[in-house]
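Examination of the molecular architecture
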Amino acid sequence: MNPTRAVALRAYRAASVLRPGRPGRTTDRRAGGAGTPPRNGGSLMTAPGQARRTKAVRIAGGVLLAAIVAVPIVTRSGYLAGTGSQIGINAIIAVALGLLMGYAGQVSLGHAAFYGLGAYSTAILTTRLDAPPLLAMLAGVLLTALVATLVGAPALRLHGHYLAMFTLGLGIIAQVIMEQVRSLTNGFDGIAGVPPFRLWIVSFQSDALSYGLIVAALAGTMIVARNLVHSRPGRALRALHESEEAAGACGVDVARAKLKVFVLSAVLASVAGSLYAHTIGFVSPDPFGFRFSVELVVMIVVGGSANVWGPVAGAALFTLLHQFLRDAGQRVEFLDNLDTVLFGAALVVVVVFWPKGLVSLRLPARLRLRARRAEEGGA
Amino acid sequence: MSPAEQLLQYLITGISVGMVYGLVGLGLTIVYNATGIINFAQGEFAMLGGMVAVVLHAAGMPLWATVILAVAAVTVIALGVERLAVYPLRGRPIMTIIIATIGASLVLQGGAKLVWGAQAVKLPSFSGDTPIRLGSAGVDPQRIWMVGLAALAVLLVQLFFSYTLVGKAMRASALSRSAARLCGISSDGMVRLAFAMSGALVALGGAVVTPVELMRYSQGAQYTLTGFLAAVVGGLGSGMGAVVGGVALGTVESLAKGYISSGWSKAIALGVALALLWLRPQGLFGRRERQR
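Please read all numbers here as calculations on a predicted model, not as lab measurements. (Residues numbered from 1 in each chain as written. Chains lettered and ligands numbered in written order. Predicted model: local features only at pLDDT ≥ 70, side-chain atom pairs only at ≥ 80, totals over all residues.)

**Focus: the overall build of chain B**
From N to C terminus, chain B includes 11 helices and two strands. Along chain B, helices and strands appear, N-terminal first, in the series α-α-α-α-β-β-α-α-α-α-α-α-α. Taken against the 2.2 N^0.38 rule, which gives 19 Å for 292 residues, the C-alpha radius of gyration of chain B at 19 Å falls within 12% of a compact globule. Overall, the C-alpha framework of chain B stretches about 60 × 50 × 35 Å when taken along its three principal axes. (Helix = DSSP H or I, 4+ residues; strand = E, 2+ residues; numbered from the N terminus. Rg over C-alpha atoms; globule rule 2.2 N^0.38 Å.)

Put into C-alpha cells, the structure is as follows:
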C-alpha cells in the first residue's frame, strides 16, 4: 500500500469518532459496570434493554429532556443557568472519564488535573496574552494530550492499579504546581477576569448563552463517546475490556488502545476546564484537586458507566445534591459538612447493590432473586 | 545551626515521619496480601487514631491510655469497614472493591469533619518537649517515640508472620487462598484479621505522629497516598519494603522541605517516587511483573 493511501486510511479510521457507527448485534445488549469486565463481550456505553424500549417511550423521554434542558433559558434565571452550566461541565468530564472506566476498566484518580490544565491554559492565555478563546482552548487541549501521553504510556503498559496511582500522583503534583508557581498561576489567589467565550463575533456573555454553549459541548461529547463505542476501534476496545489476552491475540494493540482512550478522556476534561474558566470567569487551584477527582469517580459509579447517560445522571445528581447541601448548609451548619459522608455512603451502597449504577435501576439483584424464588415457590 | 546539624535535623524529621508512612504502607501491604485490594481508607485509620486519642485526652485520660484505646477503637472501625464495604463484595472484581474502600474513606473523612470540624488538633508530646542533646544538636523526644514505637510494631509484625501459627496461616492464605482453605484456614477470617491488624498498626502511627504533625480530618488522604507510594516503591507485597519505602519518602520530603520549599516538598517527594516507579515498576524489593 503506498504511503499516501496508508495515511489516508489512518485518518479515515481516526475520524470514526465523528461518524455514527452501526451498533453490533446481540453483543450490544448487555452492559457492564464500573471496573467490571462485561460477560460475553458485552457492550459498554449502550443503553441496556434498548431494543425493548418502545418508540413512544423514547420520544417522551426526548421531549422531557429537551424541556429540562430548556428551563434555565426560558425562565431567564441566572441561578438555574449557573447550576445547569455546572451540571453540564461536570457531565462532560464524567462522560469522558466514564469512557475510560467503562472501557479500559481503569480508574483515573487525577482527572481533575486535566480539567485544571484546560482551565488554567484558557485563563492564562486569555488574560495575559489576549489570545482568542478558541485558540486558548486548543492550546490547553494540546498540552493536556501531551501530559496524558507522558503519564499514560508507561502506566497503561503495566498491570492493574498503576494508572490509578500515577494519575493520583499527577493530580497532586498538578495541584501543587497550580498553588506554587505564583508567577504563572497567581497561586491561591487565582486568576480573575477571564473573558467569556467568543467565537469570531459571537460572545457568549449572558448566563443563558454560556449554558447553551455548555449543553452543546456536552451533546458533542456524548456523540463522540457513542460513536467511539460503536466504531471499529470501539469494538476493539470492548474486546480488550473483556479479555486483554484474547484481544491481544486478535491483533489489538492493547496498550495503544488504552492510551488512546486515556488521552481522549483527558482532552475532553481539558475542554470542560476551558469552558469552566469562561463561564465562571475566575480560576483558582481549589476545584481542581484530588477531592474533585474522587467526586468524579462517585458520579460515574453512582450513575453507571455502562451507558452514555449514566455519567450525566451521576453528574446531575451529584451537582444538585452538592448545591442543595451548600445552600441549606448556610442556614444549618451541620448540613454543609454532610456532603462527604453522603457521597461516600452513596458510593458504597451503589457499588454493593447496583454495580451498574442507578441508570440501570431495577430491583437490586439480591431482592430480585428473592422475589423470583417467592414466585416460583408460590406457583 | 551548622549545615551538618541542619542536615541532621532534617534527617531525623524525615526518618521519624517516614516510619509513620512506613506503618501505613505496611498496613496497606498486609491488606493487599490478604485480599489483593488497595484499601483507600487506610490513611483515614491513621487520622482517626490521632483524632480519637486527642478526644480521649481532652476528656482527661492519661496519654498512654488514650493511645491504647485509640488503637482499639480504630481496630473496631477497620473491622466495620471490612464488614460493610469489603465482605459484601467478595468475589467481585478488585477495582469494584477498591472503589468501595474509596467510599468508606469518604464516609470516615466526612464523619471526622462533622464531629470534629475543620481545625487541626494536637496531642501533647509523650515525654515532654525538652530536646534531647545529641552532641550540639537537639532532638525532639517525640521523634524518638515515633521511630521506637514504629520499629517495635514492625518487629512484632515480622515475628507474628514468621513464628506464630496464625501468622503463617495468613501467609499461606495470601499465597494460595484455595490451598489454604483446603487446610482449614478460613479466608474470610484472614481478611478480617488483616483489616484489624492494619487498622491497629496505622492507628498507632497516627496517634504517635499527632504531637508533632497536627492532625485534621483531611490528613487521611495524604497518609493513604504516601503509604500507598511507600508500599509500591518498596515493592507491593513486601512489608519490609513498605517500611523502607516509607522512610525513604519521608526523608526525601523532609529534605525537600528544608532545602527547597515547604510548598513543593509534597510534589518533589511524589515526583521522585513516581520516577522511581517509572524506571523500576516492581519497586525496590518486588518481583518483576511485566504485562507484555
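**Some thoughts on the interface of chain A and chain B**
Each partner contributes to the interface: chain A provides 39 residues, whereas chain B provides 36 residues. Where the side of chain A that touches chain B is concerned, the elements lending two or more residues are helix H5 (133–157), helix H6 (162–180), helix H12 (290–303) and helix H15 (338–353) of chain A. When grouped by side-chain class, the residues that make up the side of chain A that touches chain B number 27 nonpolar, 10 polar and two charged. (Contact = placed C-beta atoms within 7 Å. Nonpolar A, V, L, I, M, F, W, Y, C, P; charged D, E, K, R; others polar.)

**What to know about the environment of A:Ser108**
Residue and element names in this part refer to chain A. Relative to the helices and strands, Ser108 is located in the loop between helix H3 (78–103) and helix H4 (111–128). In this structure Ser108 comes out as buried when scored by C-beta crowding, with 31 C-beta atoms within 10 Å. When the C-alpha atoms of Ser108 and Ala81 are compared, they prove to be 29 Å apart, with 27 residues separating the residues in sequence. With near-sequence residues (within four places) excluded, Ser108 lies in contact with Leu97, Leu100, Leu163 and Thr167. (Buried ≥ 20, exposed ≤ 12 C-beta atoms within 10 Å, placed from the backbone.)

**Overview of the packing of helix H9 (residues 219–234) of chain B against helix H11 (residues 262–279) of chain B**
Two numbers describe a pair of packed helices, the interaxial angle and the distance between the axes. All names here are of chain B. Running from N to C, H9 and H11 cross one another at 30°; their axes reach a closest spacing of 10 Å. Accordingly, the angle class assigned to the pair H9 and H11 is roughly parallel. Here H9 and H11 pass one another in a crossing that is left-handed. Along its contact with H9, which presents Leu229, Val232 and Val233, the element H11 presents Ala273, Leu276 and Leu277. Along the lines of polarity and charge, the residues of the contact of H9 with H11 split into six nonpolar, no polar and no charged. (Axes fitted to C-alpha atoms, helices over the stretch in contact; angles between N-to-C directions. Parallel < 35°, antiparallel > 145°, perpendicular 65-115°, else oblique. Left-handed = near helix turned anticlockwise from the far one by under 90°.)

**Details of the nonpolar core**
If you look at the biggest cluster of nonpolar residues, it comprises 193 residues, and the most contacted ones within it are A:Ile92, A:Leu347 and B:Ala203. With 16 residues, helix H11 (residues 254–280) of chain A is the single largest residue contributor to this core. Ignoring anything within four residues of it in the chain, the contact list for A:Leu347 reads A:Val298, A:Val301, A:Val302, B:Ile99, B:Ile102, B:Gly103 and B:Leu106. (Core = buried A, V, L, I, M, F, W, Y, C linked by C-beta atoms within 7 Å.)

**Here's the deal with the confidence of the model for chain B**
Summarising the model, chain B shows a mean pLDDT of 87, and 96% of its residues fall at 70 or more. Our summary of model confidence lists the complex with pTM equal to 0.80 and ipTM equal to 0.83. (pLDDT = per-residue confidence, 0-100.)

**Details of unusual backbone geometry**
In this structure, A:Asp130 is a non-glycine residue whose phi angle is positive, near 55°. Relative to the helices and strands, A:Asp130 is located in the loop between H4 and H5.

**A look at helix H8 (residues 187–209) of chain B**
Its 23 residues place the ends of H8(B) 33 Å apart at the C-alpha level, agreeing with the 33 Å of an ideal helix rising 1.5 Å per residue. Most of H8(B) sits out of view: 18 of its 23 residues are buried. (Expected span 1.5 Å × (residues − 1).)

**A short note on the environment of A:Leu125**
Residue and element names in this part refer to chain A. Along the polypeptide, Leu125 turns up in helix H4. Leu125 sits in the buried class, given 22 other C-beta atoms within 10 Å. When the C-alpha atoms of Leu125 and Leu218 are compared, they prove to be 24 Å apart, with 93 residues separating the residues in sequence. Aside from chain neighbours lying at most four places away, what touches Leu125 is Ala131, Ala136 and Ala139.

**Re the confidence of the model for chain A**
Residue and element names in this part refer to chain A. In this model, chain A carries a mean pLDDT of 77, and residues with pLDDT of at least 70 account for 75%. Taking the mean pLDDT of every element in chain A, the minimum, 54, falls on helix H16 (residues 365–378) and the maximum, 91, on H4. Counted against residues more than four places away or in other chains, residues 21–51, with its pLDDT under 50, gives 89 contacts.

**Focus on the environment of B:Ser127**
All names here are of chain B. If you trace the backbone, Ser127 turns up in the loop between helix H4 (94–116) and strand S1 (132–134). Exposure remark for Ser127: the 12 C-beta atoms within 10 Å place this residue in the exposed category. Along the primary structure Ser127 and Asp140 are separated by 13 residues, whereas in three dimensions their C-alpha atoms are 9.8 Å apart.

**A closer look at helix H1 (residues 3–35) of chain B**
Taking 1.5 Å as the rise per residue, H1(B) with 33 residues should run 48 Å; its terminal C-alpha atoms sit 46 Å apart, in good agreement. Looking one or two places after H1(B), you find B:Gly36, whose phi comes out positive at around 85°.

**As for the packing of H1(B) against helix H10 (residues 239–259) of chain B**
Residues and elements named next belong to chain B. At a minimum axis distance of 6 Å, the contact between H1 and H10 shows a crossing angle of 145°. Regarding H1 and H10, the two cross each other, and that crossing is right-handed. Among the residues making up the contact of H1 with H10, the classes are represented as 15 nonpolar, 14 polar and one charged.

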